[in-house]
Amino acid sequence: MPIRAHDRYPYSPISGRATYDWPGGKRLAVYIAINLEWFSFGEGLGAELAPGGPQPDILNYAWRDYGNRVGVFRLAQLFDELKLPVSLLVNSEMYRHAPQAIAAFTRAEILGHGRTNSERQGALTEADERMLIAETTSAITQHSGRRPLGWLGPWISQSPLTPDLLQEDGYRYLLDWCHDDQPVWMKTRKGRILSLPYPQELNDIPQIVSRKREGAEFADMIVDAFEVMQVECATRPLVMGIALHAYIVGWPHRFKHLARALRHIIESANDRVWFTVAGEIAAHAETLGADIIP
């Protein structure tokens, strides 16, 4: 039986690639992605604190709503205190319903993250998916004054055409493919788009919601990954991402441990570490030769 392949990028072992630096001779690029998400009431998808009942599922809807009303402002204050830049992955419906949550971050870039996380991008027709991308891009551009260049699909959901449609709409990089510790070029039908490492392990939804770990263990994972990658980056350049949701780590009992982990990695970072945003990583990767980025 033939094995199907996606033909977006070839296999490339990280140990066999060219070596390069991030700006200023850095080797470990660390970025933090905060997902700002809005959910439809009484319908659609959404992460669950506990198994929900019939719609309207008040238990889980209200739990998620806490993130936009309270948790996000806790996170914004922390990142301001730590002087850490953040990449905001924004559902465009946030501008309609909770624009203050976006404005709370003073050191942020904004990426497209669909209209709402109540829908799954990969289930749409080509025309509807193209519309989703266009509507998201238009709303972010209108409200932020700058069009987004990076994308993470709601629920990390892609159709077979998603990279093509993003590239054709002017996007330069995407985060959905969690397959590497370095940027990778992906083929599209009219060119190429950069795939930037996005974490599915250092991500509070898979760990806390799905695997039932709690804040202290999730914080320890961040510290452990940083310590390993700070040593390994002497051999090769790396990207370390941390993915957060305000309705999960914005609760006080988890926030405490997240703050501990972030302070630890800042205090223990050597001169090879670059705290940055996803767009700056992508922009630097684009300047490297065709024989550098696989």
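Our structure is the block above this text.
Keep in mind that what you see is a predicted model, and the values were worked out from it rather than measured.

What counts, and at which threshold
- Each chain has its residues counted from 1, running along the sequence as written.
- Reporting in this predicted model follows two pLDDT cut-offs: at least 70 for local features of residues, and 80 or more for side-chain atom pairs to be given and counted; totals over whole chains, interfaces and linings ignore these cut-offs and use all residues.
- Values shown for side chains rest on all heavy atoms present in the structure; no hydrogens or waters enter the calculation.
- The way it works is that DSSP assigns letters per residue, a run of H or I at least four long becomes a helix, a run of E at least two long becomes a strand, and they are numbered from the N terminus.
- Throughout, radius of gyration means the C-alpha value; the globule benchmark is 2.2 Å times the number of residues raised to the power 0.38.
- Exposed residues in this analysis have more than 50% of their type's maximum accessible area, buried residues have under 20%, and partly exposed residues fall in between, with area computed by a 1.4 Å probe over protein chains only.
- Should any heavy atoms of two residues lie within 4.5 Å, those residues are counted as being in contact.
- Surface accessibility in these figures is a Shrake-Rupley result with a 1.4 Å probe; residues are shielded only by whichever protein chains are displayed.
- Lys and Arg are tallied as positive, Asp and Glu as negative. Neither His nor the chain termini are counted.
- In this description, the location of a charge corresponds to atom NZ of lysine, CZ of arginine, CG of aspartate or CD of glutamate.
- The axes are straight lines fitted to the C-alpha atoms, using for helices just the contacting stretch, and the angles between their N-to-C directions are given from 0 to 180°.
- An angle below 35 degrees is treated as roughly parallel, one above 145 as roughly antiparallel, one from 65 to 115 as roughly perpendicular, and anything else as oblique.
- Handedness of a crossing follows from how the near helix is turned relative to the far one, being left-handed for an anticlockwise turn of less than a right angle and right-handed for a clockwise one.
- Given a helix with a known number of residues, its expected span is that number minus one, times 1.5 Å.
- A cavity here means a set of points on a 1 Å grid, drawn over the protein atoms and nothing else, where a 1.4 Å probe fits but cannot get out; a pocket is an open set with protein on both sides within 12 Å along at least five of seven lines, and a residue lines either one if it has an atom within 4 Å of a point.
- Grid points are joined across faces, edges and corners, and a volume is the space filled by probe spheres set on the points.
- The nonpolar class holds Ala, Val, Leu, Ile, Met, Phe, Trp, Tyr, Cys and Pro. Asp, Glu, Lys and Arg form the charged class, and all remaining residues, Gly among them, are polar.
- Note on definitions: salt bridges are taken to be side-chain nitrogens of Lys or Arg within 4 Å of carboxyl oxygens of Asp or Glu.
- An arc is given here, and it is the one of the directions from the helix axis to the C-beta atoms.

Participant: Please explain the overall build of the chain as it appears in this structure.
Facilitator: Of the regular secondary structure elements, the chain holds 10 helices and 9 strands. The C-alpha radius of gyration of the chain comes to 19 Å, within 12% of the 19 Å expected for a compact globule of 294 residues. The buried share of the chain, taken over its 294 residues, is 52%. Long-range contacts, defined here as pairs at least 24 residues apart, represent 68% of the contacts in the chain between residues at least 6 apart. Accessible surface, the chain as shown: approximately 13200 Å² in total, 53% of it carbon and sulfur. Both charge centroids of the chain, one from 30 positive and one from 35 negative side chains, sit 1 Å from each other.

Participant: I tried to follow the packing of helix α7 (residues 215–232) against helix α9 (residues 252–268) on my own but got confused; where do I start?
Facilitator: Their axes nearest at 7 Å, the elements α7 and α9 cross at an angle of 15°. The orientation of α7 with respect to α9, classified from their angle, is roughly parallel. Crossing hand, α7 versus α9: right-handed. Only Arg254, His257, Leu258, Arg260, Ala261, His264, Ile265 and Ser268 of α9 make contact with α7, whose side of the interface consists of Gly215, Ala216, Ala219, Asp220, Ile222, Val223, Phe226, Glu227 and Gln230.

Participant: It is not clear to me how α9 should be interpreted in this structure. Could you clarify?
Facilitator: With 17 residues, α9 should reach 24 Å at 1.5 Å per residue; the first-to-last C-alpha distance of 24 Å fits that figure. Those residues of α9 lying buried are Arg254, Phe255, His257, Leu258, Ala259, Ala261, Leu262 and Ile265.

Participant: Explain empty space enclosed by the protein to me, please; I cannot follow it from the model alone.
Facilitator: Which parts of space are left empty comes out when a probe the size of a water molecule is rolled across the atoms. Scanning the model with the defined rule gives 5 cavities of 30 Å³ or more in all. When its volume is computed, the largest cavity comes out at roughly 50 Å³. Residue lining of the largest cavity: Ala76, Phe79, Asp80, Leu84, Val86, Ala104, Phe105, Thr106 and Arg107, and that is the complete set. Examining the composition of the lining of the largest cavity, we find that 3 residues originate from one element, helix α1 (residues 58–82), more than from any other. Of the residues assigned to the lining of the largest cavity, the class counts are 6 nonpolar, 1 polar and 2 charged. Residue lining of the second largest cavity: Trp38, Phe39, Tyr61, Arg64, Asp65 and Asn68, and that is the complete set. In terms of residue class, the lining of the second largest cavity is built from 3 nonpolar, 1 polar and 2 charged.

Participant: Can you walk me through the pattern of salt bridges in this structure?
Facilitator: Counting across every chain of the model gives 20 salt bridges. Arg107 is the salt-bridge partner of Asp80, the closest N and O atoms lying 2.7 Å from each other. Highlighted residues: Asp80 in helix α1 and Arg107 in the loop between α3 (99–103) and β3 (108–112), separated in sequence by 27 residues. A relative accessible area of 38% means that Asp80 is categorised as partly exposed. Overall, the relative accessible area of 34% leaves Arg107 in the partly exposed class. For the salt bridge of Glu81 with Arg263, the shortest nitrogen-to-oxygen distance reads 3.8 Å.

Participant: Teacher, can you tell me more about helix α4 (residues 126–144) here?
Facilitator: In an α-helix, one turn spans 3.6 residues, which is why side chains three or four residues apart end up on the same side. The end-to-end C-alpha distance of α4 is 27 Å, a good match for the 27 Å that 19 residues give at a rise of 1.5 Å each. If you check which residues of α4 are buried, you get Glu129, Leu132, Ile133, Thr136, Thr137, Ala139 and Ile140. For α4, the buried positions fall inside an angular range of 165° around the axis, keeping them on one side. The exposed residues of α4 that point more than 90 degrees off its buried face are Ala127 and Gln142. Considering only its buried residues, α4 is in contact with β2 (86–90), α2 (93–97), β3, β4 (150–151) and α5 (162–168). Just beyond α4, the residue with positive phi is Gly145, at close to 85°.

Fair warning: the whole summary comes from geometry, so function is off the table for now.
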